[in-house]
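This is what each chain is made of:
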Amino acid sequence: MSVTAKWSDFLRDPNRIVEEMEANGDVILVRRSAPSVRLSNAEVSAASNDTLSAIMQLLAVTLDDEMLDRMVDRLALVFPWIELLPGASRVEFVGEFLSLARGGLAVGRVDRLGTTLEAWKETARAYADPQISVDGSDLHYLETPEPTPAPEARG
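These numbers come from a predicted model, not from an experiment.

Aromatic rings considered in pairs are described by the distance between their centres and by the relative angle of their planes. Scanning the entire structure with this criterion turns up seven aromatic pairs. Relative to Trp 81, the ring of Phe 79 lies with its centre 5.6 Å away and its plane at 35°, an arrangement referred to as tilted. Under the relative-accessibility criterion, Phe 79 is labelled buried at 16%. Judged by centre distance (5.8 Å) and plane angle (40°), the rings of Phe 93 and Phe 97 are tilted. Of this pair, Phe 93 and Phe 97 both sit in helix H5 (residues 87-107), four residues apart, which is roughly one turn of that helix. With relative accessibility at 1%, the residue Phe 93 sits in the buried group. Through successive ring pairs, a cluster of aromatic residues spans Phe 79, Trp 81, Phe 93, Phe 97 and Trp 120. It is Arg 31 that lies over the ring of Trp 7; its NZ or CZ is 5.5 Å from the centre.

What follows is the structure in structure tokens.
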């Protein structure tokens, strides 16, 4: 569980905020005009990260082709947009996601997972767009290069 406090409260009375963290778990410190900051117990966070890393390692060593296929099929329950991807891309998504999760958890940085997840979701959105041809048959290649103005210059 986590509680929320103002950054200014933390600056005025850090001991009270640390006591709240010890009693309630993480404290989200809200700052004006800046992203919030999380105050947490380093040992608890490290233990959680180690546990997640162990789970990912166990999952990776048990993942054979049959299990991967089942996982791909069931991912639609969590990520409904995966149904819009072609079959091979679904498998590629799962492999990339699991690989990044394992690597990220091993070094304590999983922020790339969010970026990867959003990129695959946008890929699914592109496959769903009826104005985009999946096979590229609607692309028109230029015989000679044409310069394109910068977006900010187009107004």
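What follows continues from the structure just given.
On the surface, Asp 64, Asp 65, Asp 69 and Asp 73 cluster together to form a negatively charged patch. Residue classification places Asp 64 among the partly exposed residues on the basis of a relative accessible area of 46%.

The next point concerns the packing of H5 against helix H6 (residues 111-128). Where H5 meets H6, the axes come as close as 9 Å, and the angle between the chain directions of the two elements is 170°. The angle between the axes of H5 and H6 places the two elements in the roughly antiparallel class. Contacts between H5 and H6 involve Ser 89, Glu 92, Phe 93, Glu 96, Phe 97, Leu 100 and Ala 101 on the former and, on the latter, Arg 112, Leu 113, Thr 116, Leu 117, Trp 120 and Tyr 127. Residue classes in the contact of H5 with H6 are distributed as eight nonpolar, two polar and three charged.

A word on the sheet that holds strand S3 (residues 37-39). Sheet architecture is open: three strands sit in the order S1-S2-S3, paired in mixed fashion. Because the sheet does not close on itself, it has two edges, and the strands there are strand S1 (2-6) and S3. Across this sheet, the average inter-strand angle for adjacent strands is 30°, counted without regard to direction. Of the strands in this sheet, S1, strand S2 (26-30) and S3 are in contact with helix H2 (residues 14-24), which crosses S2 at around 140°.

A complete count under the given rule lists eight salt bridges for this structure. Salt-bridge contacts for Glu 83 lead to Arg 90; the nearest nitrogen and oxygen are separated by 3.5 Å. Using a relative accessible area of 19% as the deciding quantity, one classes Arg 90 as buried. Salt-bridge contacts for Arg 125 lead to Glu 122; the nearest nitrogen and oxygen are separated by 2.2 Å. Here the residue Arg 125 and the residue Glu 122 both occupy positions in helix H6, the gap between them amounting to three residues, near one helical turn. The class of Arg 125 is partly exposed, set by a relative accessible area of 46%.

A few words now on the nonpolar core. Formed by 19 residues in total, the largest nonpolar core has its most connected members in Leu 75, Trp 81, Ile 82, Leu 85, Phe 93 and Val 94. For this core, the elements supplying multiple residues, two or more each, are helix H4 (65-78), H5 and H6. Sort the elements by how many residues they give to this core and H5 lands first, with six residues. By size, the runner-up hydrophobic cluster in this structure holds eight residues, among which are Val 3, Met 21, Leu 29 and Leu 39.

Rules used in this analysis
Residues numbered from 1 in each chain as written. Predicted model: local features only at pLDDT ≥ 70, side-chain atom pairs only at ≥ 80, totals over all residues. Heavy atoms only, no water. Phe/Tyr/Trp six-rings, centres within 6.5 Å; stacked < 30°, edge-to-face > 60°. Buried < 20%, exposed > 50% of the residue type's maximum accessible area, 1.4 Å probe, protein only. Helix = DSSP H or I, 4+ residues; strand = E, 2+ residues; numbered from the N terminus. Lys NZ or Arg CZ within 6 Å of the ring centre and 35° of its normal. Patch = residues over 30% accessible without salt bridge, like charges linked within 9 Å, V, L, I, M, F, W, Y side chains within 5 Å. Areas by Shrake-Rupley, 256 points an atom, 1.4 Å probe, with all protein chains shown as cover. Salt bridge = Lys/Arg side-chain N within 4 Å of Asp/Glu carboxyl O. Lys, Arg positive; Asp, Glu negative; His and termini not counted. Charge placed at Lys NZ, Arg CZ, Asp CG, Glu CD. Axes fitted to C-alpha atoms, helices over the stretch in contact; angles between N-to-C directions. Parallel < 35°, antiparallel > 145°, perpendicular 65-115°, else oblique. Contact = heavy atoms within 4.5 Å. Nonpolar A, V, L, I, M, F, W, Y, C, P; charged D, E, K, R; others polar. Pairing = 2+ DSSP bridges. Core = buried A, V, L, I, M, F, W, Y, C linked by side-chain atoms within 4.5 Å.

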